[in-house]
Amino acid sequence: MDWKRRSFHWRNSSAEQLVDIGCQWVILGHSERRHVIGEDDEVFIGKKAAYALSQNLKVMACIGELLEEREAGKTFDVCFKQMKAFADNITDWTNVVIAYEPVWAIGTGKVASPEQAQEVHAAVRDWLKTNVSADVASTVRIIYGGSVNAANCAELAKKEDIDGFLVGGASLKGPDFATICNSVTSKKVTA
Ligand SMILES: O=C(CO)COP(=O)(O)O
């Protein structure tokens, strides 16, 4: 999605076009946009979030570290910086879902362990409490993405701060996708 009104940059769709065809959600800050296309937090991603919300599109706000960032102990620094770019541009979090997607787990078959994912989700919730509000921290959904499948979803879904999943490859297999959907028992929020 583009971040300007009626903008039609190469490869991008404008928010107006998306609304026009009945789209309700946009995924912003996905690692492929960050690391392949080179979108950065301040210039693009935060502004896109604000513009999408202003056009009544709901936002799935993706964050996540590269493998080398995890290995250098920078996971929280990276995720908090990405969160700040969203938080600097979002005033109402009602229509926002945060997706933690460690880049090393996307499409690789290497899923984060439930403990690794829970650790980041809890830290992001804590960051929201300190930097946005206790209310947003307790109500916003934080979902996990990265090699989720029918075999690993149940253990991930048990974790307190994992509120759902952003599923890539496994969504192409109907029965597996149903298993993943059903693994997320009702937690804080439903939508
Ligand atoms: O990038 C993803 C969803 O945006 C995750 O893809 P996979 O579930 O195939 O790892």
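See above for the structure.
Because the structure is a prediction, the values reported are computed rather than measured.

## Some details on the overall build of the chain
- When helices and strands are counted, the chain shows nine helices and five strands.
- When the helices and strands of the chain are listed from N to C terminus, the series reads α-β-α-α-β-α-α-β-α-α-β-α-β-α.
- Taken over the C-alpha trace, the chain has a radius of gyration of 16 Å; the compact-globule value for 191 residues is 16 Å, and the two agree within 12%.
- Here the C-alpha coordinates of the chain stretch approximately 45 × 40 × 35 Å along the principal axes.

## Brief notes about the site of the ligand
- Every residue close to the ligand is listed here: His30, Glu101, Ala105, Ile106, Gly107, Gly146, Ser147, Leu166, Gly168 and Gly169.
- Take Glu101: an N or O atom from its side chain is 3.4 Å from an oxygen atom of the ligand.
- Within the backbone of Gly168, an N or O atom sits 2.9 Å from an oxygen atom of the ligand.
- Look at the ligand: alone it shows 300 Å² of surface, and the protein chains cover 85% of it.
- Looking at the shell around the ligand, its residues break down into three nonpolar, six polar and one charged.

## Overview of the sheet that holds strand 1 (residues 25-28)
- The five strands are arranged 1-2-3-4-5 in an open sheet whose pairing can be described as parallel. Since the sheet does not close on itself, it has two edges, and those belong to strand 1 and strand 5 (165-166), each with one partner.
- Across the face of the sheet, helix 5 (residues 75-87) comes into contact with strand 1, strand 2 (58-63) and strand 3 (96-100) while running at roughly 155 degrees to strand 2.
- Running at roughly 150 degrees to strand 4 (residues 141-145), helix 6 (residues 114-131) makes contact with strand 2, strand 3 and strand 4 of the sheet.

## Regarding the pattern of salt bridges
- In total, this model carries eight salt bridges according to the counting rule given.
- A salt bridge links Lys48 to Glu39; the shortest N-O distance between them is 2.8 Å. Of the two residues, Lys48 and Glu39, both sit in the buried class.
- Arg125 is the partner of Asp163 in a salt bridge, and the nearest nitrogen-oxygen pair spans 2.7 Å. Here Asp163 is found in the loop between helix 8 (153-157) and strand 5, whereas its partner Arg125 is found in helix 6, with 38 residues between them in sequence.
- The exposure class of Arg125 is buried, given its relative accessible area of 9%.
- Overlapping salt bridges bring together Arg33, Glu39 and Lys48 as one network.

Conventions we followed
- Residues numbered from 1 in each chain as written.
- Predicted model: local features only at pLDDT ≥ 70, side-chain atom pairs only at ≥ 80, totals over all residues.
- Heavy atoms only, no water.
- Helix = DSSP H or I, 4+ residues; strand = E, 2+ residues; numbered from the N terminus.
- Rg over C-alpha atoms; globule rule 2.2 N^0.38 Å.
- Near = heavy atom within 4 Å.
- Polar contact = N/O pair within 3.5 Å; in protein donor to acceptor, adjacent residues only side chain to side chain.
- Areas by Shrake-Rupley, 256 points an atom, 1.4 Å probe, with all protein chains shown as cover.
- Nonpolar A, V, L, I, M, F, W, Y, C, P; charged D, E, K, R; others polar.
- Pairing = 2+ DSSP bridges.
- Contact = heavy atoms within 4.5 Å.
- Axes fitted to C-alpha atoms, helices over the stretch in contact; angles between N-to-C directions.
- Salt bridge = Lys/Arg side-chain N within 4 Å of Asp/Glu carboxyl O.
- Buried < 20%, exposed > 50% of the residue type's maximum accessible area, 1.4 Å probe, protein only.

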